[in-house]
Amino acid sequence: MRDMEIQNGGQLVVRESQMAMFVNEGQVADVFGAGTHKLVTQNLPLLTNLKHWDKLFESPFKSDVYFFSTRQQLDQKWGTPQPITIRDAEFGAVRLRAFGNYAWRIVDPRLFYTEVSGTRESYLVGDIEGQLRGLVLQNISNAIAASGVAFLDLAANQTMFAAALAKQLEPEFAKLGLKVEQVTVQNLSLPEDLQKVLDQKIGMGMVGGDMGKFMQYQTAQAIPEMAKGVGAGGDGGGLAGAGLVWARAWPWGRSWRRTCNRPCSPAPRLRRPQPRRASSPRT
C-alpha cells in the first residue's frame with residue numbers, strides 16, 4: 001500500500017485464525033479467508049462490479065480493509081449478580097445463583113461488521129463482553145424451562161444444564177455473526193434461606209417421612225450448637241434456653257413432674273383401687 005492505495009496485482013496475506021474484508025465506499029465488497037490472495041480483477045468480482053472496472057484496468061484503488069480474528073475467545077465469565085426466579089417441576093418456584101464461563105468466535109465477518117463493529121478502526125473483545133454476558137443471563141430461565149428438568153437434577157448434572165444453555169444461546173449469538181463454541185457451569189446453588197429449606201427436605205427424605213424420626217434428626221443436629229452455648233457459660237442459654245428439657249422416667253406410682261408453657265393444674269393423685277367387701281346375704 002502506498003498513499004493508502006492498494007495496487008492492482010498486489011498480494012493480500014491472511015493468516016490462520018483470520019478473515020479479511022474489503023469495504024468500498026461504505027459497501028462490503030469481498031471477504032477473504034486464510035491464505036495468500038493476488039488482488040486482480042478476476043479475484044475481486046464484487047469489487048470489480050462495484051467500481052465498474054474493465055478487465056484491462058490496472059490502476060490502484062482505494063478500499064477499507066478490515067481483519068477479523070476468528071479464533072475462540074476463551075474464558076469469558078458469566079454469573080448471576082442477583083438470584084433469578086425460575087419455575088421448577090418439583091418446588092414450584094425457586095431462586096437460584098449460577099456462574100461459569102463460555103467461549104465464542106466470529107463466523108460471519110460481514111454480519112458482525114454491519115451489526116456490531118461498524119466503521120471503527122478497532123473493535124476489541126472487551127467492547128462486546130458486557131452485551132454477550134447479558135445475553136447469557138437473559139436466556140438462563142428459558143434454558144431451564146426448555147429442558148423441563150427439575151432443579152435438583154440440574155444441580156446434580158451441570159453438564160446437562162450447560163448444554164441446554166448453549167442450545168438456547170445459539171440463535172441469539174448467530175444474529176451478531178457469532179457462534180457459541182462452549183458453555184460451562186461451575187456452580188449452581190440456592191440462596192441461603194432456600195438452602196436451609198432444601199436441607200430440611202433432604203433430612204425428611206433420609207428418615208422416610210417419619211415426623212418422629214425427623215424431630216430426632218433435627219435435635220441431633222442442634223445439640224452440638226446448644227452444647228457450645230452451655231460450655232461458654234453464657235446467660236443460661238444453651239439447652240435450657242432452647243426450650244429443651246431432659247426428663248427422667250420414674251417407676252409407676254412415684255412422684256413425677258410435667259412442664260407447661262403456661263401455669264397448669266396440679267397432677268391428679270393416683271389412687272389404688274380398693275377391694276370390694278363381700279356383703280352378707282339378706283335374710
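Residues numbered from 1 in each chain as written. Predicted model: local features only at pLDDT ≥ 70, side-chain atom pairs only at ≥ 80, totals over all residues. Heavy atoms only, no water.

J.: I'd like a rundown of the pattern of salt bridges, residues and numbers included.
T.: Considering all chains together, one arrives at five salt bridges under this definition. Put simply, Arg120 and Asp127 hold a salt bridge, and the shortest N to O gap is 3.1 Å. A residue is classified by how much of its surface remains accessible, and Arg120, at 43% relative accessible area, is partly exposed. By relative accessible area, which is 38% here, Asp127 ends up partly exposed. Here Glu129 ties to Arg133 by a salt bridge, and the two come within 3.0 Å at their closest N and O atoms. Taken as a pair, Glu129 and Arg133 lie in helix α3 (residues 125-138) at a separation of four residues, close to a single helical turn. Residue classification places Arg133 among the partly exposed positions, given a relative accessible area of 28%. (Salt bridge = Lys/Arg side-chain N within 4 Å of Asp/Glu carboxyl O. Buried < 20%, exposed > 50% of the residue type's maximum accessible area, 1.4 Å probe, protein only. Helix = DSSP H or I, 4+ residues; strand = E, 2+ residues; numbered from the N terminus.)

J.: I'd like a rundown of the side chain of Thr70, residues and numbers included.
T.: Topologically, Thr70 is positioned in the loop between β5 (64-69) and β6 (73-79). What makes Thr70 buried here is its relative accessible area of 12%. Polar side-chain contacts of Thr70 include one of 3.5 Å to the backbone nitrogen of Gln18. Setting aside residues no more than four positions away along its own chain, Thr70 makes contact with Ser17, Gln18, Met19, Arg105 and Ile106. (Polar contact = N/O pair within 3.5 Å; in protein donor to acceptor, adjacent residues only side chain to side chain. Contact = heavy atoms within 4.5 Å.)

J.: I'd like a rundown of the packing of aromatic side chains, residues and numbers included.
T.: Inspection of the entire model under this criterion finds five aromatic pairs. Seen in terms of ring centroids, Phe22 and Phe32 are 5.6 Å apart; in terms of plane orientation they differ by 65 degrees. Their pairing is edge-to-face. With Phe22 in strand β2 (residues 18-24) and Phe32 in strand β3 (residues 27-32), the pair connects residues that are 10 residues apart, well separated along the chain. The burial state of Phe22 is the same as that of Phe32; both residues are buried. Both rings, one in Phe68 and one in Phe112, keep their centres 6.3 Å apart while their planes meet at 90 degrees; by these two values the pair is edge-to-face. A residue pair is termed long-range when its members are at least 10 positions apart, and Phe68 in strand β5 and Phe112 in helix α2 (residues 109-117) qualify at 44 residues. Neither Phe68 nor Phe112 differs from the other in exposure class; each is buried. One aromatic cluster is present, built from ring pairs that chain together Phe68, Phe112 and Tyr123. (Phe/Tyr/Trp six-rings, centres within 6.5 Å; stacked < 30°, edge-to-face > 60°.)

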